[in-house]
Amino acid sequence: MNQLSFTTALQGQRYSQFQKIIACNSLTAQYGLRLSPEDTELLLLSREQALKDQNRIELSEGILPRLIETFCDSPYIHQDTYAQTLADLQELFYIYKNESLDLLTDDELLAFMREQFDGICCGDTDYLGGTCLDRFAQAARAGYDGYQATGGKGMYEQFSQEQHWDHQLFLEVLRELIQ
Amino acid sequence: MSYTLEELFPVLQMLTQKYTLNESTSIRRETAQQLMTAILYCIEAYEDEDAYAVRSNLRDLRNADAMKAYKRGRDLVYQKTVAAKNLYEGLLKEFDAYGNQTYYDTIVRGFSAFFNYYDIDFAPQDHILTLDYPILRPLPDLSGINAVQSYLASVKLEQRFLSRFPREHVCRVLAHHYPDYDRQVMNLCSPVLRHALCCMLLLKPLRQIPFTPSEHAALAALARGSEANELKARLENLLQLFIQQTGDDAPGLFEYLRADMDDFAVRLIQFSQLYPDCETFHF
């Protein structure tokens, strides 16, 4: 059963996927976000390329609707970069499903991505992929399974290697400025 | 009958959801390949049963859809696994490795692990084991539980044959021809069978080990000038006689043991060509 066989069989799903993604606009409209048919088509092409690059197959509706649902109320997503951000997040999703050896469920990975995207990444998908996701996947490969209890939330601190702003650091810097 | 990919797709979707516990919308391509092979393995099991039923006029050929064919095939694979496990447990009760480590490790250790780890749902095509102990008849392109069933059936026939002889005799024959047989990866049936047939050719008692120089000469003379097929047919007749005389009517025993006759005939002819430079016939 070769690659061409799978690809051909999956093409039949495209129309259904297109409709499902367009239908997400009814949810995202309240946040000022909307995907045009052209955006959707590009996202689906981006999806196909990302799946091909990562040697993965989606046999059902795919992750895009869930990705939209998870990220649509993020303060770091805006209409002018909406489609590109979704494409970037989608690509990261497939990469890190592989990098975590499929140990993470979709929900766990999405929850982690959203939390870090809004948190220390401040909407930067490059930072998300280059630090948080990379370290989290490494931990999963090494046998860490704490994410199972938390659903992927609230655990990055133990893997973080950067010093971030916190309350104590903020007060120290403020005192220095005042003095 | 074969199914198109479009017909198989819903089956693959169903099995993928089962594999991922519905917790992942995508899988690796290799995983999809593995699951598709699992589906085809089960459908083949269904089609084999279907073909048998049609040949036996039990029913007309039915156009089962792919999902139905897969589910029925999966049930058949499960039934074969249960049957193989029963066969194995029966075999274990009286299994004797005659001191050969590979035989013991393969049958006693290897197969007990197989029945714990064989994955009927997601990898029925994978029989996991390396089946290190060499049986007389190679498994013809079989895989999964089909390979296991065939292999265990062969081992059962071997054990049945070897149990015709006193244990001490089997060990003496093996040790005489292969002093380190306990550590070798070798088939135990073959030397015992060849020894018995040589004794029949020489009209001497089976228990007499080793052969005398004149008996080696007689073996060389018997094989000299023979064509391989002719000698093989003669050996098979002796084998048939041996089985009849031991009163063993196990189905398949003759067919299994005759698999050794090709090589045995060739080795006898080679020995006859080398004699007297080579004075001893080595099995």
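For every chain, the first residue of the written sequence is number 1, and numbering continues from 1 along that sequence. Think of it this way: whatever chain is written first is A, whatever ligand is written first is 1, and the rest follow in order. Reporting of local features is limited, given that this is a predicted model, to residues whose pLDDT is at least 70; pairs of side-chain atoms are given and counted only at 80 or more, and all residues count toward the totals for whole chains, interfaces and linings. Excluding hydrogens and water, the side-chain values take into account all heavy atoms of the structure.

## Description of the overall build of chain A
In this description a helix means any DSSP run of H or I spanning at least four residues, a strand means any run of E spanning at least two, and both kinds are numbered starting from the N terminus. When you go through chain A residue by residue, the secondary structure sums to 10 helices and 1 strand. When the helices and strands of chain A are read in sequence order from the N terminus, they spell out α-α-α-α-β-α-α-α-α-α-α. When burial is assessed residue by residue, chain A has 43% of its 179 residues classed as buried. Contacts are assigned to residue pairs with any non-hydrogen atoms lying within 4.5 Å of each other. Within chain A, contacts between residues at least 6 apart in sequence are counted, and of these 67% link residues at least 24 apart. Accessible surface, chain A: about 9,200 Å² in total, of which carbon and sulfur atoms supply 51%. Note on classification: 1.4 Å probe, protein chains only; a residue is buried when its accessible area is under 20% of the maximum for its type, exposed when over 50%, partly exposed between these limits. All accessible areas in this document rest on Shrake-Rupley with a 1.4 Å probe, and a residue is counted as covered only by the protein chains that are shown.

## Concerning the overall build of chain B
Per the secondary structure count, chain B includes 11 helices and 1 strand. Reading chain B from its N end, one meets helices and strands in the order α-β-α-α-α-α-α-α-α-α-α-α. In summary, chain B has a C-alpha radius of gyration of 24 Å against a globular reference of 19 Å for 283 residues, an excess of more than 25%. Across its three principal axes, chain B shows a C-alpha extent of roughly 75 × 40 × 35 Å. Counting only residues that meet the buried cut, chain B has 48% of its 283 residues in that class. The long-range share in chain B, meaning contacts at least 24 apart out of those at least 6 apart in sequence, stands at 68%. In the form shown here, chain B has an accessible surface area of approximately 14,300 Å², with 50% of it arising from carbon and sulfur atoms. Counting rule for charge: Lys and Arg are taken as positive, Asp and Glu as negative, and neither His nor the chain ends is counted. The location of each charge is read from NZ of Lys, CZ of Arg, CG of Asp or CD of Glu. Here chain B contributes 29 positive and 37 negative side-chain charges, whose respective centroids are spaced 4 Å apart. For this measure, only C-alpha atoms enter the radius of gyration; the expected value for a globule follows 2.2 Å times N^0.38, where N is the number of residues.

## Considerations on the packing of helix α5 (residues 64-71) of chain A against helix α7 (residues 106-118) of chain A
Residue and element names in this part refer to chain A. The geometry of α5 relative to α7 is characterised by a closest axis approach of 10 Å and an angle of 35° between their N-to-C directions. Helix-helix and strand crossings are classified by hand; for α5 and α7 the assignment is right-handed. Facing α5, whose interface residues are Arg66, Leu67, Thr70 and Phe71, α7 presents Asp106, Asp107, Leu110, Met113, Arg114 and Phe117. Lines fitted to C-alpha atoms define the axes here, with helix axes fitted over just the stretch in contact, and angles between the N-to-C directions of these axes take values from 0 to 180 degrees. Note on convention: the crossing is left-handed when the near helix lies turned anticlockwise from the far helix by less than a right angle, right-handed when the turn is clockwise.

## Some words on the state of the cysteines
One covalent bond between the sulfur atoms of two cysteine residues makes up a disulfide. We call a pair of cysteine sulfur atoms a disulfide when they lie within 2.5 Å. In total, this model carries 0 disulfides over all chains according to the counting rule given. Looking at the unpaired Cys171 of chain B, the closest cysteine sulfur is the one in Cys189 of chain B, lying at 13 Å.

## Notes on the pattern of salt bridges
Residue and element names in this part refer to chain B. Throughout this description, the term salt bridge denotes a Lys or Arg side-chain nitrogen within 4 Å of a carboxyl oxygen of Asp or Glu. Evaluated as defined, the whole model comprises 25 salt bridges over all chains. Close ionic contact of Lys232 with Glu236 constitutes a salt bridge, the shortest N to O distance being 3.9 Å. On the criterion of helical spacing, the pair formed by Lys232 and Glu236 is a turn pair, its members being 4 residues apart in helix α9 (residues 228-245). Close ionic contact of Glu236 with Arg258 constitutes a salt bridge, the shortest N to O distance being 3.1 Å. Residue Glu236 is located in helix α9, and its partner Arg258 is located in the loop between α10 (253-257) and α11 (261-274); the two are separated by 22 residues in the primary sequence.

## Description of the interface of chain B and chain A
Taken together, the contact between chain B and chain A spans 18 residues of the former and 24 residues of the latter. Buried surface area refers to the total accessible area, computed with a probe of radius 1.4 Å, that the two partners give up upon joining, counted for both partners together. The three residues of chain B that bury the most area against chain A are Thr25, Arg28 and Arg29 of chain B, which together make up 38% of that side's buried surface. One can count 1 salt bridge joining chain B with chain A. Across the salt bridge formed by Arg28 of chain B and Asp102 of chain A, the nearest N and O atoms sit 3.1 Å from each other.

## Re the nonpolar core
Note that soluble globular proteins tend to have their nonpolar side chains buried in a common cluster. In this description, a nonpolar core means a group of buried Ala, Val, Leu, Ile, Met, Phe, Trp, Tyr and Cys residues linked to one another through side-chain atoms lying within 4.5 Å. Judged by nonpolar contacts, the single largest core of 96 residues is most densely connected at Ile39, Ile107, Phe111, Phe161, Leu188 and Leu257 of chain B. One finds Leu51, Leu89, Leu133 and Ala137 of chain A within the second-largest nonpolar core, a separate group that totals 38 residues.

## What about the packing of aromatic side chains?
Residue and element names in this part refer to chain B. Two rings from Phe, Tyr or Trp (for Trp, the six-membered ring) form a pair when their centres are within 6.5 Å of each other. A pair whose planes differ by under 30 degrees is stacked, one over 60 is edge-to-face, and the rest are tilted. The final tally for this structure, using the stated rule, is 21 aromatic pairs over all chains. Ring geometry for Phe111 against Phe114: centres 6.3 Å apart, planes inclined by 65°, an arrangement best described as edge-to-face. Of the two residues, Phe111 and Phe114 are both situated in helix α4 (residues 101-117); the distance of 3 residues between them amounts to about one turn of the helix. Here Phe111 and Phe114 have matching classes, each one buried. Look at Phe264 and Phe281: their rings are 6.2 Å apart centre to centre, the planes differ by 25°, and that puts the pair in the stacked class. Pair noted here: Phe264 is in helix α11 and Phe281 is in the segment after α11, with a separation of 17 residues, a long-range link. For Phe264, a relative accessible area of 0% puts it in the buried group.

## So, a nonpolar patch on the surface
Residue and element names in this part refer to chain A. Taken together, the side chains of Leu174, Leu177 and Ile178 present a nonpolar region at the surface, about 330 Å² in accessible area. With respect to the helices, strands and loops of the structure, Ile178 is situated in helix α10 (residues 167-178). You can call Ile178 exposed: its relative accessible area is 67%. Two distance rules govern patches: like charges are joined within 9 Å, and nonpolar side chains (Val, Leu, Ile, Met, Phe, Trp, Tyr) within 5 Å, applied only to residues with over 30% relative accessible area and no salt bridge.

## A closer look at the confidence of the model for chain B
Residue and element names in this part refer to chain B. Confidence scores per residue from the predictor, reported as pLDDT, run from 0 to 100. When the pLDDT values of chain B are averaged, the result is 91; 95% of them are 70 or greater. Per-element mean pLDDT across chain B ranges from 88 in helix α2 (residues 29-55) up to 96 in strand β1 (residues 26-28). Two numbers describe this predicted complex: its pTM, 0.84, and its ipTM, 0.80.

## Describing the environment of Phe18 of chain A
All names here are of chain A. In this structure, Phe18 sits in helix α2 (residues 14-23). When the C-alpha atoms of Phe18 and Asn98 are compared, they prove to be 25 Å apart, with 80 residues separating the residues in sequence. Each residue touching Phe18, except ones within four places of it in the same chain, is listed here: Pro37, Thr40, Glu41 and Leu44.

## A word on α7 of chain A
All names here are of chain A. Every helix has an expected span of 1.5 Å times one less than the residues it contains. Its 13 residues place the ends of α7 18 Å apart at the C-alpha level, agreeing with the 18 Å of an ideal helix rising 1.5 Å per residue. For α7, the tally of buried residues reaches 10 of 13 residues, placing the bulk of the element in the interior. Within α7, the full set of buried residues consists of Asp106, Glu108, Leu109, Leu110, Ala111, Phe112, Met113, Arg114, Gln116 and Phe117. Those residues of α7 that are buried are in contact with α5, α6 (82-99), α8 (125-141) and α9 (147-150).

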